[in-house]
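Summary of the model geometry
Each chain is listed here by its residues.
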Amino acid sequence: MFYELFVGLRYTRSRKRAQGRNRLISFISLVSILGIALGVMTLIIVLSVMNGFQEELRDRTLGVASHIEVESFEGTGRVQNWQQIAEEVSQHSEVMAAAPYVNEQGMLMLGEAVRGVQVRGILPEPESRVANFGKNMKVGALDDLQPGKFGIILGRDLARALGARPGSKLTLIAPQGMVTPAAVVPRVRQFEVVGVFDAGVMQYDSGLALIHLADAQALYRMNDAVSGVRLRIENLFSAPSVSRELAEIITAPDLILRDWTRIHANFFRAVALEKTMMMLFLFLIVTVAAFNVVASLTMTVQEKAADIAILRTLGASPLSIMTIFVIQGSIIGVVGLMAGLASGLAIALNLDVVIPALERITGATLWDKDIYYISDLPSKVLASDVVTILTVSFLLTLFAAIYPSWRASRVKPAEALRYE
C-alpha cells in the first residue's frame, strides 16, 4: 500500500477519543458525507420520478394519438384514396397498422350544457390497432360505432361536463354551414352516446369525441375523402427515420408525413427542459456539501501541520502531501456517493411501498390518484442518469479537495515545527 493512501485513510477515520479540534473536524467530515449522500439520493429519486412521469405521459399520449400521420400538404384537410396509401405504407417492415381518420371541430349540446370538441371520425377495427381506445373504454366498445346509426363516444371529463350517459341524445353542430337564401345555417345532427373512454390525458378526456368515419364524412361533406391516415410502428423512437423512408414509398402527391416527435415537440421539449433544470438545481445540494469538504480539509491541514512538516523532513515531496489530502477528500466523496446511491435506489425502486407507508405514518394523502389519473407514483431509474449523478458529484468533491491539498503541500517544515 502506498503510504499516501495509508495516511489519507488514517486521517479520514473518526477517532473515538477525539476531543476539541479533532472532534470538530470529524463532525464536519460526517456532515460532508451526509450532505453528499442526501444530494445524490435526492437526485436519483427526483430524476427517476420525472423519468417515470415522462414515460407514462408519452405512453398515454401516444395511446390516443399516433406515431405517424399522413396528411394533405395543401392544407385542404382532404386526402383521397386512403386505401391505397394504407396499402403502400404497410409494405414497410416497421409499420404495424394504418387507420384513416376525419379530424374536425364541432360543438356538442345537451340541454343547457354546451362544449366545443374535437370530432374524430374513425373505423373501429383499424383504429383499435393504431390506438388504445379499446383498452381505455369505461363504458361500451369501439364496435358500437356503426355507420349510419350516428353513435358517439365521449371522453370521461367531457361526458361529465355535459351530464351525458349511455343512451343520451346529443346535438352536434358542425361549423361548416349550409348557404340558404335567408342565411348561412350550420349543419346539425343528433347523436346517441354509446360509450365513454378514459385515456388519462386531460386534452383528450375533456375535448375529444369519436364517431364513425362514414358519419363524419357525411356530416362534414367529405364524400370518400379523409383528413389523413394514422400509423403505428413497432419502435416509436425510430419514427423520424421511418417517416423519411415512407415519404419515398408513397406515390400519392401533395402529402406530408408528421411523426410524434414533431406533433408533440413542444410538450416533450418542455418536459426534457424541466428535467434538466431540476437536475441543475439539485446539484447545488452536492455543491454545498463539497464546500463542507473544503472546510473539513482546511481545518485538517491546520491541525496536522506538524505531521506534514515531519513527513517533509523524512523526504515526502509536496506532491505526496497533496495526494494524501486529495485521497482524504475523495474518500469522503466516495462514502457519501455510495450511501446516497444505496438509499436513492432503495427508495426509487420501491416508491409503491414507500408512499403508502408515509401516508399511514403522517395521515396525509401524498398521492391522490383522482387528481393525477395515475394509481401509483411512476418511477424509472435510468443507468445513464445514475452514472451522470455519480460522476459529476465525485468531480465536485474532488475539485473541492484540490485547494486545501495544495495549501498542505505548501507548508514549510521549519515554520510548522518552530513551536513544537
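Our subject is the structure that appears above.
Presented here is a report on the structure given in the accompanying data block. The shown structure was predicted, so the numbers you read here are calculated from the model rather than taken from an experiment. (Residues numbered from 1 in each chain as written. Predicted model: local features only at pLDDT ≥ 70, side-chain atom pairs only at ≥ 80, totals over all residues. Heavy atoms only, no water.)

Description of empty space enclosed by the protein
- Counted under the stated rule, the structure contains one cavity of 30 Å³ or more.
- Lining the largest cavity are I44, L47, S48, N51, K380, V381, L382, D385, V386 and I389.
- Counting residues per element, the ones that place at least two in the lining of the largest cavity are α2 (21–64) and α16 (383–409).
- With four residues, α2 is the single largest residue contributor to the lining of the largest cavity.
- Here the lining of the largest cavity is built from residues that sort into six nonpolar, two polar and two charged. (1 Å grid on protein atoms, 1.4 Å probe; cavity = no way out; pocket = protein on both sides within 12 Å on 5 of 7 lines; lining within 4 Å. Points joined across faces, edges and corners; volume = space filled by probe spheres on them. Helix = DSSP H or I, 4+ residues; strand = E, 2+ residues; numbered from the N terminus. Nonpolar A, V, L, I, M, F, W, Y, C, P; charged D, E, K, R; others polar.)

Observations regarding the packing of helix α11 (residues 265–303) against α16
- At a minimum axis separation of 9 Å, α11 and α16 run at an interaxial angle of 30 degrees. Considering the angle they form, α11 stands roughly parallel to α16. For the pair α11 and α16, the crossing hand works out as right-handed. Contacts between α11 and α16 pair K275, M279, F283, V286, T287, A290, V293, V294, L297, T298 and V301 from the former with D385, T388, I389, V392, S393, L396, T397, A400, A401, P404 and A408 from the latter. (Axes fitted to C-alpha atoms, helices over the stretch in contact; angles between N-to-C directions. Parallel < 35°, antiparallel > 145°, perpendicular 65-115°, else oblique. Left-handed = near helix turned anticlockwise from the far one by under 90°. Contact = heavy atoms within 4.5 Å.)

Focus: α16
- Under the 1.5 Å per step criterion, the end-to-end length of α16 is 38 Å for 27 residues, consistent within 8% with the ideal 39 Å.
- Taken as a whole, α16 has its buried residues at D385, V386, I389, S393, T397, A400, A401, P404, S405, A408 and S409. (Expected span 1.5 Å × (residues − 1). Buried < 20%, exposed > 50% of the residue type's maximum accessible area, 1.4 Å probe, protein only.)

Focus: a nonpolar patch on the surface
- On the surface, a nonpolar cluster with roughly 500 Å² of combined accessible area is contributed by L273, M277, L280, F281 and L284.
- For L280, the location among the structural elements is in helix α11. (Patch = residues over 30% accessible without salt bridge, like charges linked within 9 Å, V, L, I, M, F, W, Y side chains within 5 Å. Areas by Shrake-Rupley, 256 points an atom, 1.4 Å probe, with all protein chains shown as cover. Salt bridge = Lys/Arg side-chain N within 4 Å of Asp/Glu carboxyl O.)

Concerning the pairing of strand β3 (residues 113–122)
- For β3, the buried fraction is high: seven of the 10 residues fall into the buried class.
- As judged from the 10 bridges shared by strand β2 (residues 95–110) and β3, these two strands associate in the antiparallel manner. Its bridge partner lying in β3, L110 is registered against A113.
- Here β2 folds back onto β3, and the loop between the two strands holds two residues, one of which, G111, carries a positive phi near 65 degrees. (Pairing = 2+ DSSP bridges.)

What to know about helix α9 (residues 239–249)
- Residues A239, V242, S243 and L246 constitute the buried set of α9. An end-on view of α9 places all buried positions within 105 degrees of arc, on one side of the element. In α9, the exposed positions that point more than 90 degrees away from the buried face belong to R244 and E248.
- Residues of α9 that are buried in the fold lie against β1 (68–72), α3 (82–89), β2, β9 (228–233), β10 (255–259) and α10 (260–263). (Arc of directions from axis to C-beta.)

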